[in-house]
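Structure at a glance
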Amino acid sequence: MKTEHFVIIGNGAAGNRAADVLRTGEPDARITLISDEFIHFYYRHRLSDFLAGDCEESDLLVRSSEEYREQRIRLRLGQRVVRVDFPKKTLYLQHMEVIRYDRLLLCVGGRPRVPEIYYACRDRFTVFKTVEDARHFRRKLAEVDRVVIVGGDLISLKVAEVLVRLGKKVSFLVDRDAFWPLEADDGVRHELSERLTAKGIEVVGDDGLALVESAGRAGLRVSTRAGRTIPCEMVGAFFGLVPAVDFLLGSGLDIDRGILVDEYLQTSVPGVFAAGDCAQVYNPAIRNYWVSIGWPNARLLGEVAALNMLGQGRRADHVPVNALEMDGLVVNTCWWRRLQ
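This text gives an overview of the structure that appears in the document. (Residues numbered from 1 in each chain as written. Predicted model: local features only at pLDDT ≥ 70, side-chain atom pairs only at ≥ 80, totals over all residues. Heavy atoms only, no water.)

1. Some details on the overall build of the protein chain
Within the protein chain, the secondary structure is distributed over seven helices and 23 strands. The 340 residues of the protein chain split such that 52% are buried. Within the protein chain, counting contacts between residues at least 6 apart in sequence, those at least 24 apart form 62% of the total. Looking at the protein chain as shown, the accessible area adds up to about 16100 Å², and 47% of this sits on carbon and sulfur atoms. (Helix = DSSP H or I, 4+ residues; strand = E, 2+ residues; numbered from the N terminus. Buried < 20%, exposed > 50% of the residue type's maximum accessible area, 1.4 Å probe, protein only. Contact = heavy atoms within 4.5 Å. Areas by Shrake-Rupley, 256 points an atom, 1.4 Å probe, with all protein chains shown as cover.)

2. Observations regarding the pattern of salt bridges
Applying the stated rule across the entire model yields 18 salt bridges. Note that E202 and R146 form a salt bridge whose closest N and O atoms lie 2.9 Å from each other. Of this pair, E202 sits in strand β12 (residues 202-205) while R146 sits in strand β10 (residues 146-151); the two residues are 56 residues apart in sequence, bridging distant segments of the chain. For E202, the salt bridge goes to R228, with nearest N and O atoms at 2.4 Å. Here E202 is found in strand β12, whereas its partner R228 is found in the loop between β14 (220-224) and β15 (229-232), with 26 residues between them in sequence. Exposure remark for E202: the relative accessible area of 24% places this residue in the partly exposed category. R228 gets classed as partly exposed once you look at its relative accessible area, which sits at 35%. (Salt bridge = Lys/Arg side-chain N within 4 Å of Asp/Glu carboxyl O.)

3. Here's the deal with the nonpolar core
In terms of nonpolar packing, the biggest core is built from 53 residues, with L91 and L104 touching the most fellow members. Broken down by element, the residue count for this core peaks at seven residues, all from helix α7 (residues 295-309). Discounting residues that sit within four places of it in the chain, L104 has contacts with V7, I9, V84, F86, L91, G271, V272, F273 and M309. Residues I39, A52, L141 and F238 belong to the second largest nonpolar core, which totals 30 residues. (Core = buried A, V, L, I, M, F, W, Y, C linked by side-chain atoms within 4.5 Å.)

4. A closer look at the side chain of Q280
Secondary-structure assignment places Q280 in strand β20 (residues 279-283). A polar contact of 2.7 Å, which involves the side chain of Q280, links it to the backbone nitrogen of G258. If near-sequence neighbours (up to four positions away) are discounted, Q280 is found in contact with D256, R257, G258, I259, L260, V261, Y289, W290 and V291. (Polar contact = N/O pair within 3.5 Å; in protein donor to acceptor, adjacent residues only side chain to side chain.)

5. Some thoughts on the environment of V261
Residue position: V261 is located in strand β18 (residues 259-261). Relative accessible area serves as the criterion here: at 3%, V261 is assigned to the buried category. When the C-alpha positions of V261 and V281 are compared, they lie 5.1 Å apart, and in sequence the two are 20 residues distant. With residues near it in sequence (within four places) discarded, V261 still touches Q266, T267, A274, A279, Q280, V281, Y282 and Y289.

6. Digging into the packing of aromatic side chains
For any pair of aromatic rings, the description consists of the separation of the ring centres together with the inter-plane angle of the planes. All chains considered together, the criterion is met by six aromatic pairs. Between F125 and F239, the ring centres sit 5.9 Å apart and the planes meet at 50°, which makes this aromatic pair tilted. Here the residue F125 occupies a position in strand β9 (residues 125-126), and F239 occupies one in the loop between β16 (234-238) and β17 (241-243), the gap between them amounting to 114 residues. Taking 6.4 Å as the distance between ring centres and 45° as the angle between the ring planes, the aromatic pair formed by F128 and F238 counts as tilted. Note that F128 is positioned in the loop between β9 and α4 (131-141) and F238 in strand β16, a separation of 110 residues in sequence. Among the residues examined, F238 registers a relative accessible area of 2% and is labelled buried. The positively charged end of R63 is found above the aromatic ring belonging to Y68, 5.4 Å away from the centroid. (Phe/Tyr/Trp six-rings, centres within 6.5 Å; stacked < 30°, edge-to-face > 60°. Lys NZ or Arg CZ within 6 Å of the ring centre and 35° of its normal.)

7. Comments concerning the pairing of β16
Counting buried residues along β16, five of its five residues qualify, which places the element largely inside the surrounding structure. Side chains of β16 alternate between two faces, with M234, G236 and F238 and V235 and A237 buried alike. As judged from the two bridges shared by β9 and β16, these two strands associate in the parallel manner. Within the sheet, the bridge partner assigned to F125 lies in β16 and is V235. (Pairing = 2+ DSSP bridges.)

8. Describing the sheet that holds β14
Strand order in the open sheet made by the three strands is β13-β14-β15, with antiparallel pairing throughout. The open sheet has two free edges, formed respectively by β13 (209-214) and β15, since each of these has just one partner strand. Across the sheet, the mean angle from the axis of one strand to that of its neighbour is 20°, orientation sign disregarded. Where β14 lies against β15, four bridges are found, and the strand directions are antiparallel. The partner of R221 across the bridge, within β15, is P231. (Axes fitted to C-alpha atoms, helices over the stretch in contact; angles between N-to-C directions.)

9. Some remarks on the pairing of β14
With four of five residues buried, β14 is to be regarded as a mostly interior element. Strand direction decides the pairing type here: β13 and β14, joined by five bridges, are antiparallel. What sits directly across from L209, in β14, is T224. Here β14 folds back onto β15, and the loop between the two strands holds four residues, one of which, G227, carries a positive phi near 95°.

If you want it as structure tokens, here you go:
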């Protein structure tokens, strides 16, 4: 009897939960988990603690190599999938290796979003999404006195606090879309601005980035839409994430903002599923799609996808409610928006 090969692309909360469920359901199956990062599954929400020096890189890890071996899950780190041939059930890695699968789960997550209007500045932005980004951020801080934060997903709030603790002068540009993808009304933005100011962060309210220019040696000059100029040595860009699905374009998979899946997390290709914040999940009750945000929702979708890969017919038929919090101020969201 042929042993099935389950392949998961993505080493985050959704992918790892799915791998565990698949192993429980199919003790003899082959399971391969592929990640383009060189580090094991880790707590992304603790990267700001690592930046602050409150923990070591090893403290970020969720599980060790031994745990993968015990579960007989083959972990492929530092491997980027560049193409998928769905009719042939074949993945092509960047170094030309070919991997065949019986069932495939896409948990590719997101990449830092840079709105098109800021493309001219993107080489001067410092992003903060992965461990490697956090390492780079941490190394640069040794030569930095002033940082400008632009964009403003909620991770940026924690990073801004850390920078002040480390003795850096921080300017935070708060505009209408500052807390993307959250719907933050005027009252929420005002209260957040007050709390940032109370922590020693300079808030530039109701303004936005116009240009970032080199200003000699390691310096930068930020110009705002209102005509203000702010000198600094680093511009932290926090415009949220967009699904990392570029390698799937033209593959025959139905893609809108993310990977379109039904309420069973099945894509338009039989035997191929998607979970986590790269998946746009259809809900028949609301006749629309939703995308989850956050670790708990990613784990839940990973579990549902794995059960359906095992043929159990489990529905992901609820719209999760996300509560993101800063110092007791809670902003709820369940919708993913793309703002350009």
